[in-house]
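Listed below are the residues making up each chain.
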Amino acid sequence: MCLRHFTHRLNGALSHCFVTVLMLLGSTLAYSAETPQRVVALTWEAAEHLVEMGITPLAVADADDYKVWVVRPALPEAVLNAGSRVEPNLELLAELKPDLIISSPALDDLRDKLERIAPVESFDSYRQDHNNYETARQNYLKLARQFNHLDQAQQRLAEMDTHIAGLRQQVIDHFHGRLPEVTIIRFSTPAVAYVYGDNSMPQYAMDLLHLKPAYPLPATAWGITQKPISELGRIHEGVVLHIEPFSQKDKLFPTRLWQAMPFVQNHRFATVRSTWTYGGVFSVEYLAESLVDALLSLQPE
Amino acid sequence: MQVTHTEAGSPSRPLSSITPGLLRYPLTLLALLLILLAHLQIGSSLSLNQQWLALFDFSSQDFTVLQFRDSALPRVVMGLLVGAALGLSGSLLQQLTQNRLVSPMTIGSASGAWLGLVCATLIAPTLAAEHGEWPALLGAMAAVGIVLLIAGRAGIAGLPIVLAGMAMNLLLGAVASGLVLLNDQYARNLFLWGAGDLAQMDWHWVVWLLPKLAVGLLILAFAQRPLTLLRLGSEGAQARGMSLWPVMLVLFLASLWLTSVSITAVGLIGFIGLLTPNLARLFGARTAFDELLYSTILGAVLLLTTDALAVLASQWTINLIPSGAAAALIGAPALLWLSRRKMSAEDQRGLSLPGNIERTITPLGWVLILSATLAIALLTLCLARSAHGWQLNWPSPLVWSLRWPRTLTAASAGFGLAIAGVILQRLLRNPLASPDILGLSAGATLALLMSAFVTGGTIQTAGGPLAAFAGSMLVLGVLLLFGRRHQYAPGMLALVGISLMALLDAILQFALAKGTADSFAIMGWLAGSTYRVSANQAVGLWMGVVIIGGISLLFHRGLSLISISDGVALGRGLNLTRIRIILLVLVSLMCALVTSVMGPVAFLGLLAPHIAAILGAKKVLPQLLLAATLGSVLMLIADWVGRVMIYPLQMPVGIVASVLCGVYFIILLAKQRCA
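Only a predicted model underlies this, so the values are computations on that prediction, with no experimental measurement involved.

K.L.:
How would you sum up the packing of aromatic side chains? Please name residues and give values.
P.N.:
A full pass over the atoms with the stated rule returns 24 aromatic pairs over all chains. Judged by centre distance (5.9 Å) and plane angle (40°), the ring pair of Phe263 of chain A and Phe269 of chain A falls under tilted. By relative accessible area, Phe263 of chain A is classed as buried at 0%. Each residue in the set Trp44, Tyr66, Tyr126, Tyr196, Trp222, Trp276 and Tyr278 of chain A is aromatic and connected to the rest through ring pairs, giving one cluster. Arg156 of chain A extends its terminal NZ or CZ atom over the ring of Phe282 of chain A, reaching a point 4.1 Å from the ring centre. Here Lys212 of chain B stacks its cationic end above the ring of Trp208 of chain B, 4.2 Å away from the centre of that ring.

See below:
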């Protein structure tokens, strides 16, 4: 009897606890279930991810430059400029009263100030010691979970994978199964170029297309390394693709040395239309598209 | 090649000038040949023999042969030409001004050319790519013109021209960074040009540059007589029936031309022009012609050597090392070492600012100034732009909590830098002295860049204030060490500043040349921003500045005596060395504190004391107080302008203050000269 009484009391206490825990859980769940409505993205990657998810951010840092440089996915006209990516306008953010601010480790020292304005979610961005593409993919899913868009997000990623697989088949067909090695560059001056190496988005796009690098370079934070253009002469077999824009074509392309480059001699050089190379996960898809278009313009051997 | 031309061109050279050069010239030419061959070995995969054959093998389409002929070889020739041009240009400038600290870099022509090209690239990119030399030349001429105007005839031979040149560098640098920060992506490719790189893809630039350097031969042929006469002093020259000014002007322009075309061809390469003539003298070049000719050859040797090192370093690491950065890395310490004995305290030429106004500030004046200060402070706090346009009201608690730390930081920084400026100007008895010139800010910034580089973090997160503080104190250590040997001569102190700033510039350009997003983070910090300052840091800075300011007030009597003359100070029983050290330490502490919290701010420490003097604060104590008040107000205004000017983007307060004060300063000086 006594024992029963005790167990009853214990039960009561336990259930009381349980209820409290449930209530607490419920409140946090309710909090997280309430999807943020007014979101500010302080990085371009986050802005891309939001737009791809069908969410229009309230404001994006450097929104005007985004429209010029990133272009795809297009930012809706209504999106406000939240100041620069290095120094977002805190007073403007305070005035906008967002319910979520998406930040990055580069802005960690602002976290205190940002948290006074709204909850802050920080997503890792470009770094030398991790896989930039995998990180972007994870970031996208994490963000989707926060907005209860996980299913759509996974579907969108699957679409991207299918799309890239289709592109890959196109390239394989075009080159009759013998894929060339490829190096992607962006001209800096008529004498120096950025070469995209390991851990760059273009190289991840190449990986997904099963293309091997013709001029392998170790991983760097942004995946780019500056090289004198004459260095490119070491590429004997591969294809070289350059990403637009390059305003000084006339100074480089007619030179004897450029004309003697093995890839120019063998007509293994093509132009990729202007595409953003430091973006979020879907920038890889857009890059793959542009790369394949450029590759298809080359004659198969 | 140049040697034979010039020797034929000046048969009247006295025999005595050949004798000491007899051994020196063959040795230097041999060194030139060796470094040339070594450079080609580093830059090409062909063996020496194959290279020789490749020279005459015009039909070959082999890539390595072409790489040698169209890339490695033009690079070496370019190094030869640019090095020779910079050496000659530097030697000519130094002989014209009779000032061994003068060079294209130190008198502002290099930064003028850089700004000219930045502007052209932003306004008309295609035009800049095709005809960059004209905006560069225009920029260089304008900058040097203003510097000469500031220094005046008497100042050309002394420290004033160098200080004016440095002021010009600071101002133009601030304007250029502002433009670059505003134009983010567009400006990326400029960074590499700014770092100076000799990489070539064909003979285009060599062919472009070669005829333009013909001016150099004319200089070698005809400059000897006027330069020799100039050594007698311009009065002596006139006595011999020669009016020197037109000739000097032509020679000056010729020197600028050489610099501008070199800069257009390869970008900014500092130090060669400064170091070469000094080395030439060290190796025994004595007569005017000897110095010109020897500097020409030596310049080529120096640039080729540094460029060979840059190419080697680029092969070791995967990163590209710009030649200009390599030159400055070697040049800055070399300059310090070279000049360590030669500076003395008497290097003080007249240079005055319009500060001697017969007016003393009245109590009413104080009341007016203080109430204006309060009104401006209130206005900068309450008037702001928002998403709905302009607003004039007391900020909400949230906005207030975001706004007051930066406002307080700006005001405290202005307060501190103004006090540091007054002390420094009185101490060095030089109205152009300012905290930035001692290189304290440069030291702080360097340390910060290094710590970011070592820890691999961004400049905002790496070590922060602590590293900056350590950097400033290190510079102070160097200053005290060098200074003791020279009785803390102003010239010596300025020299340390120049070297450090150039070193900073080199490392900076190297970091920026990568053109990644990190480059912009670095530029943002260098612009001097109050944006990231926390409430604690703001209060800490304010307290520190007030305490150091309070201590320096205690030394106002000593400062008054020193600012009259050393003799007067000694006569009154002052321990001159001790009080100099104390005041110097105070100034350094102040700079370290301000720089570590908010990054560098130029010109404020220079200008605030002057405005105070113009308003009538002539004695040390009132000048200290008034300058501190004015410094705070100026910074408040700059911070406010930075917040509203390009809303919702923001301009760092440091840049705004530097440009505002710098422009005012230049106008002030120019007006005085023209009057």
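K.L.:
Could you give an account of the interface of chain B and chain A, with specific residues and numbers?
P.N.:
Every contact between the two is made by 52 residues of chain B and, on the other side, 55 residues of chain A. Buried area between chain B and chain A, summed over both chains or domains, comes out near 4,800 Å², and the portion from carbon and sulfur atoms is 57%. On the chain B side of the interface with chain A, the three residues burying the most area are Phe63, Met201 and Tyr531 of chain B, jointly 17% of the side's total. Taken together, the connections running from chain B to chain A amount to 4 salt bridges. Between Asp70 of chain B and Arg256 of chain A there is a salt bridge, with the nearest N and O atoms lying 2.8 Å from each other.

K.L.:
Lay out the domain arrangement of chain A in plain terms, naming residues and giving numbers.
P.N.:
Residue and element names in this part refer to chain A. Per the domain assignment, the segments making up chain A are domain 1 (39-125) and domain 2 (157-296). Taken together, the contact pairs 9 residues of domain 1 with 9 residues of domain 2. Summed over both partners, the interface of domain 1 with domain 2 buries about 860 Å², with 56% contributed by carbon and sulfur atoms. On inspection of domain 1 and its partner domain 2, the count reaches 1 salt bridge. We note a salt bridge from Glu289 to Arg72, for which the minimum N-O separation is 3.1 Å. Put simply, domain 1 and domain 2 have 4 residue pairs in polar contact (both at pLDDT 80 or more) between them.

K.L.:
Break down the sheet that holds strand 1 (residues 39-41) of chain A for me, citing the residues and quoting the values.
P.N.:
All names here are of chain A. Read from one edge to the other, the open sheet built from 5 strands follows the order 3-2-1-4-5, with strand pairing classed as parallel. On the outer flanks of this sheet lie strand 3 (80-81) and strand 5 (120-122), each paired with one strand and no other. Looking at chain direction, strand 4 (residues 100-103) and strand 5 are connected through 3 bridges and run parallel. Following the sheet pairing, Ile101 is matched in strand 5 by Val120. Of the strands in this sheet, strand 1, strand 2 (59-60) and strand 4 touch helix 2 (residues 44-52), which is tilted by about 135° from strand 1.

K.L.:
Go over the sheet that holds strand 7 (residues 192-196) of chain A with me, naming the residues and quoting the values.
P.N.:
Residue and element names in this part refer to chain A. Taken together, the 5 strands give an open sheet; going across it, the order is 8-7-6-9-10, and neighbouring strands pair in mixed fashion. Where the open sheet ends on each side, the last strands, each with one partner, are strand 8 (224-228) and strand 10 (269-272). Pairs of neighbouring strands in the sheet enclose a mean axial angle of 35°, with direction left out of account. With 4 bridges connecting them, strand 9 (residues 239-243) and strand 10 associate as parallel partners. Looking at the pairing, Ile243 lines up with Val272 of strand 10.

K.L.:
Please set out the nonpolar core residue by residue, giving values where relevant.
P.N.:
Across soluble globular proteins, nonpolar side chains have a tendency to be buried as a group. Core analysis: the biggest nonpolar cluster contains 189 residues, and Met78, Leu209, Leu227, Phe603 and Met635 of chain B have the highest contact counts within it. Top contributing element to this core by residue count: helix 4 (residues 63-97) of chain B, with 15 residues. Two domains each donate at least three residues to this core, and these are domain 1 (2-338) and domain 2 (410-674) of chain B. Residues contacting Met78 of chain B, with those up to four places away along its chain left out, are Gly83, Leu198, Gln200, Trp205, Val206, Leu209, Ala265 and Val266 of chain B. Of all hydrophobic cores here, the second largest spans 63 residues; its members include Leu75, Val79, Tyr140 and Leu211 of chain A.

K.L.:
Summarise the pattern of salt bridges; cite the residues concerned and give the values.
P.N.:
Oppositely charged side chains can pair when the atoms bearing their charge come close. Applying the stated criterion to the full structure yields 21 salt bridges over all chains. Asp62 of chain A is paired through a salt bridge with Arg85 of chain A; the nearest N and O atoms lie 3.1 Å apart. Of this pair, Asp62 of chain A sits in the loop between strand 2 and helix 3 (63-69) while Arg85 of chain A is found in the loop between strand 3 and helix 4 (90-96), placing the two residues 23 residues apart along the sequence. Take Arg85 of chain A: its relative accessible area is 23%, and that puts it in the partly exposed class. Taking the shortest distance from any N to any O, the salt bridge between Glu285 of chain A and Arg156 of chain A comes out at 3.0 Å. With Glu285 of chain A in helix 12 (residues 283-296) and Arg156 of chain A in helix 7 (residues 150-174), this residue pair connects regions lying 129 residues apart in the sequence. Among the residues examined, Glu285 of chain A registers a relative accessible area of 6% and is labelled buried. A network of salt bridges, in which partner residues are shared, links Glu91 of chain A together with Arg403, Arg406, Asp639 and Arg643 of chain B.

K.L.:
So what about the packing of helix 24 (residues 535-554) of chain B against helix 27 (residues 576-598) of chain B? Which residues, and what values?
P.N.:
When two helices pack together, their arrangement is given by the angle between the helix axes and by the axis-to-axis distance. Residue and element names in this part refer to chain B. At a minimum axis separation of 10 Å, helix 24 and helix 27 run at an interaxial angle of 165°. As the angle between them shows, helix 24 and helix 27 are arranged roughly antiparallel. You can see that helix 24 and helix 27 cross each other, and the crossing is left-handed. Of the residues in helix 27, those touching helix 24 at Leu541, Gly544, Val545, Ile548, Gly549, Ile551 and Ser552 are Leu586, Leu589, Met590, Leu593, Val594 and Val597.

K.L.:
A description of helix 4 of chain B should follow, citing residues and the corresponding values.
P.N.:
Residues and elements named next belong to chain B. Across its 35 residues, helix 4 extends 49 Å between first and last C-alpha, which sits within 8% of the 51 Å expected from 1.5 Å per residue. Along helix 4, the sharpest kink reaches roughly 30°, centred on Leu73 and followed within four residues by the proline Pro74. Across the 35 residues of helix 4, 32 count as buried, placing the element largely inside the fold. Taken from the residues just after helix 4, Gln98 is the one with a positive phi, measuring 55°.

K.L.:
Any details on the environment of Val182 of chain A? Residues and values, ideally.
P.N.:
All names here are of chain A. By the secondary structure assignment, Val182 is in strand 6 (residues 182-189). For Val182, a relative accessible area of 1% gives the class buried. Through-space distance from the C-alpha of Val182 to that of Val79 is 38 Å; in sequence the pair is 103 residues apart. Residues contacting Val182, with those up to four places away along its chain left out, are Met206, Leu211, Lys212, Pro213, Ala214, Val239, Leu241 and Leu295.

Calculation criteria
Residues numbered from 1 in each chain as written. Chains lettered and ligands numbered in written order. Predicted model: local features only at pLDDT ≥ 70, side-chain atom pairs only at ≥ 80, totals over all residues. Heavy atoms only, no water. Phe/Tyr/Trp six-rings, centres within 6.5 Å; stacked < 30°, edge-to-face > 60°. Buried < 20%, exposed > 50% of the residue type's maximum accessible area, 1.4 Å probe, protein only. Lys NZ or Arg CZ within 6 Å of the ring centre and 35° of its normal. Contact = heavy atoms within 4.5 Å. Buried area = accessible area lost by both parts, 1.4 Å probe. Salt bridge = Lys/Arg side-chain N within 4 Å of Asp/Glu carboxyl O. Domains from an automatic or database assignment. Polar contact = N/O pair within 3.5 Å; in protein donor to acceptor, adjacent residues only side chain to side chain. Pairing = 2+ DSSP bridges. Helix = DSSP H or I, 4+ residues; strand = E, 2+ residues; numbered from the N terminus. Axes fitted to C-alpha atoms, helices over the stretch in contact; angles between N-to-C directions. Core = buried A, V, L, I, M, F, W, Y, C linked by side-chain atoms within 4.5 Å. Parallel < 35°, antiparallel > 145°, perpendicular 65-115°, else oblique. Left-handed = near helix turned anticlockwise from the far one by under 90°. Expected span 1.5 Å × (residues − 1). Bend = angle between axes of the 7 residues up to and from the residue.

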